[in-house]
Structures are given as structure tokens and as C-alpha cells.
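Next come the chains, spelled out residue by residue.
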Amino acid sequence: MKSLALFFAALFLISCNGDPEKSQTSDEKKTADPTGPEVIIETSMGTIRARLHEDTAPITVQNYLSYVDKGFYDNTIFHRVIAGFMVQGGHFTPEMQAKPTGSQIKNEAENGLKNDKYTLAMARTNVVDSATDQFFINSNDNAFLNNGERDFGYAVFGRVTDGTDVVDTIE
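We now turn to the structure provided with this report.

Conventions adopted
- Residues numbered from 1 in each chain as written.
- Predicted model: local features only at pLDDT ≥ 70, side-chain atom pairs only at ≥ 80, totals over all residues.
- Heavy atoms only, no water.
- Helix = DSSP H or I, 4+ residues; strand = E, 2+ residues; numbered from the N terminus.
- Buried < 20%, exposed > 50% of the residue type's maximum accessible area, 1.4 Å probe, protein only.
- Contact = heavy atoms within 4.5 Å.
- Areas by Shrake-Rupley, 256 points an atom, 1.4 Å probe, with all protein chains shown as cover.
- 1 Å grid on protein atoms, 1.4 Å probe; cavity = no way out; pocket = protein on both sides within 12 Å on 5 of 7 lines; lining within 4 Å.
- Points joined across faces, edges and corners; volume = space filled by probe spheres on them.
- Nonpolar A, V, L, I, M, F, W, Y, C, P; charged D, E, K, R; others polar.
- Pairing = 2+ DSSP bridges.
- Polar contact = N/O pair within 3.5 Å; in protein donor to acceptor, adjacent residues only side chain to side chain.
- Core = buried A, V, L, I, M, F, W, Y, C linked by side-chain atoms within 4.5 Å.

1. Considerations on the overall build of the protein
For step 1, the next point in the chain: Counting its secondary structure elements, the protein contains three helices and eight strands.
For step 2, the next point in the chain: Each helix (α) and strand (β) of the protein, taken in turn from the N terminus, gives the series β-α-β-β-α-β-β-β-β-β-α.
For step 3, the next point in the chain: In the protein, which comprises 171 residues, the proportion classed as buried is 46%.
For step 4, the next point in the chain: A separation threshold of at least 6 residues defines the contact pool for the protein, and within that pool the share at least 24 residues apart is 68%.
For step 5, the next point in the chain: Summing over all exposed atoms, the protein offers an accessible surface of approximately 8,200 Å²; the carbon and sulfur share of this is 50%.

Printed below as a string of C-alpha cells:
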């Protein structure tokens, strides 16, 4: 049986940069809030909460949040699920229709973050700077996806803070 989890209400941004207490300089913000905004991923199998690393992956987080803000992830699915590896989503409708994407972004895999279990990372093609909307949640420690392990690597930009059981269920 093929397992697909829908993003019913897609992603909701919880922490916003408009908060007056978060209007520090970039260096102060790294110290005060090293894990950045929180997003909620509503799926048909439960809720996943994640914190984003805007201090170490600013381009990737800005790109991801732009899709969130547009409602792009509404009614998309985790279309690629590989047990012991990852769950990938952010591009296809339940009918497997691809949604149109924005521009490709710079790969920030050199940011020092690792593709550890329950981290969020950007999917891409064999072209290093080809990520757009697709992301995955590592369901295992995947060191071979880290920068320099086999190639440039896959940019980690967040970590699941609640709902790891949902990731496991989707897997």
C-alpha cells in the first residue's frame, strides 16, 4: 500500500520577524534566537512542528518561508517515502500533478548542519544549486548527504521539534 500524507492546511508560520523583541541585528539574533521561526506542518497523519535555522541557512529558510506564505504547500503530499531514509514533499498534489515553482536557490550545505534524524533539508537534482520547493525530513542519520561526504551535499535548514512520531508514521 502506497503511503501518502497530505499537507491539509499546509504550513503555518508561528514566529514572525515582525516581533519587536526580535528586531535585533543579525549577530544579536544568532545569539538570541539561533533556531529561528517555527512552522507547523499539518498532515493527514498528524502535526509536525519544526524550527528553522535562519542563522545558518538564511537563503534556504527565506525560500521555504516564501512558499509557506503563499500557501504553496496546501494540499501537497509527501510523494517520496523511503523507509530508513527520508520522507520528501512539497511539490506534488495528491493527483501527482507538479506545482509550478520559483527560481532555484544557492545550496547552503556548507553551513555546518548535518543530515541527522528528524532534520529538514532541501531536495535537489544532481545540479548543486537546483533546489526550489521540495524538501525532505531525514528519518535516519544520513551522513552521506552531508557536505563533502560524497559531493556538495544537501542543505539542512530545520529540525522537527514535535511530531517525530508523525514522521515515523508517514515513513
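And the narrative resumes.
2. Regarding empty space enclosed by the protein
For step 1, the next point in the chain: According to the stated counting rule, one finds one cavity of 30 Å³ or more in the structure shown.
For step 2, the next point in the chain: As a volume, the largest cavity reaches approximately 40 Å³.
For step 3, the next point in the chain: Lining the largest cavity we find Thr-60, Ile-105, Lys-106, Asn-107, Glu-108, Met-122, Arg-124, Ala-131, Tyr-154 and Ala-155.
For step 4, the next point in the chain: Its residues assigned to classes, the lining of the largest cavity comprises five nonpolar, two polar and three charged.

3. Some details on the side chain of Asn-146
For step 1, the next point in the chain: Mapping Asn-146 onto the fold places it in the loop between strand E7 (135-138) and strand E8 (156-162).
For step 2, the next point in the chain: Once residues lying within four places of it in the same chain are set aside, the contact partners of Asn-146 are Leu-113, Lys-114, Asn-115, Asp-151 and Gly-153.

4. What about the pairing of strand E2 (residues 38-43)?
For step 1, the next point in the chain: Counting buried residues in E2 gives five out of six residues, a clear majority hidden from the surface.
For step 2, the next point in the chain: Across six bridges, E2 lies against strand E3 (residues 46-52) in antiparallel orientation. Bridge pairing in E3 places Thr-43 opposite Gly-46.
For step 3, the next point in the chain: In sequence, E2 turns back onto E3 through a hairpin of two residues.

5. Some words on the side chain of Asn-115
For step 1, the next point in the chain: Considering the arrangement of structural elements, one finds Asn-115 in the loop between strand E5 (86-89) and strand E6 (119-122).
For step 2, the next point in the chain: Classification of Asn-115 as buried rests on a relative accessible area of 1%.
For step 3, the next point in the chain: Polar contacts involving the side chain of Asn-115 include one to the main-chain carbonyl oxygen of Leu-145, which spans 3.3 Å.
For step 4, the next point in the chain: For Asn-115, the residues in contact, after removing those within four places along its chain, are Ala-121, Phe-136, Asn-138, Asn-140, Asp-141, Asn-142, Ala-143, Leu-145, Asn-146, Tyr-154 and Val-156.

6. Section: the nonpolar core
For step 1, the next point in the chain: Counting residues in hydrophobic clusters, the biggest one holds 27 residues, and the most contacted among them are Ile-48, Tyr-64, Leu-120, Phe-135, Ile-137 and Phe-157.
For step 2, the next point in the chain: For this core, the secondary structure elements donating two or more residues are E2, E3, helix H2 (58-69), E6, E7, E8 and helix H3 (164-170).
For step 3, the next point in the chain: Looking at this core, the element that brings in the most residues is H2, giving five residues.
For step 4, the next point in the chain: Judged by nonpolar contacts, the second largest core, of eight residues, contains Phe-85, Leu-145, Tyr-154 and Val-156.

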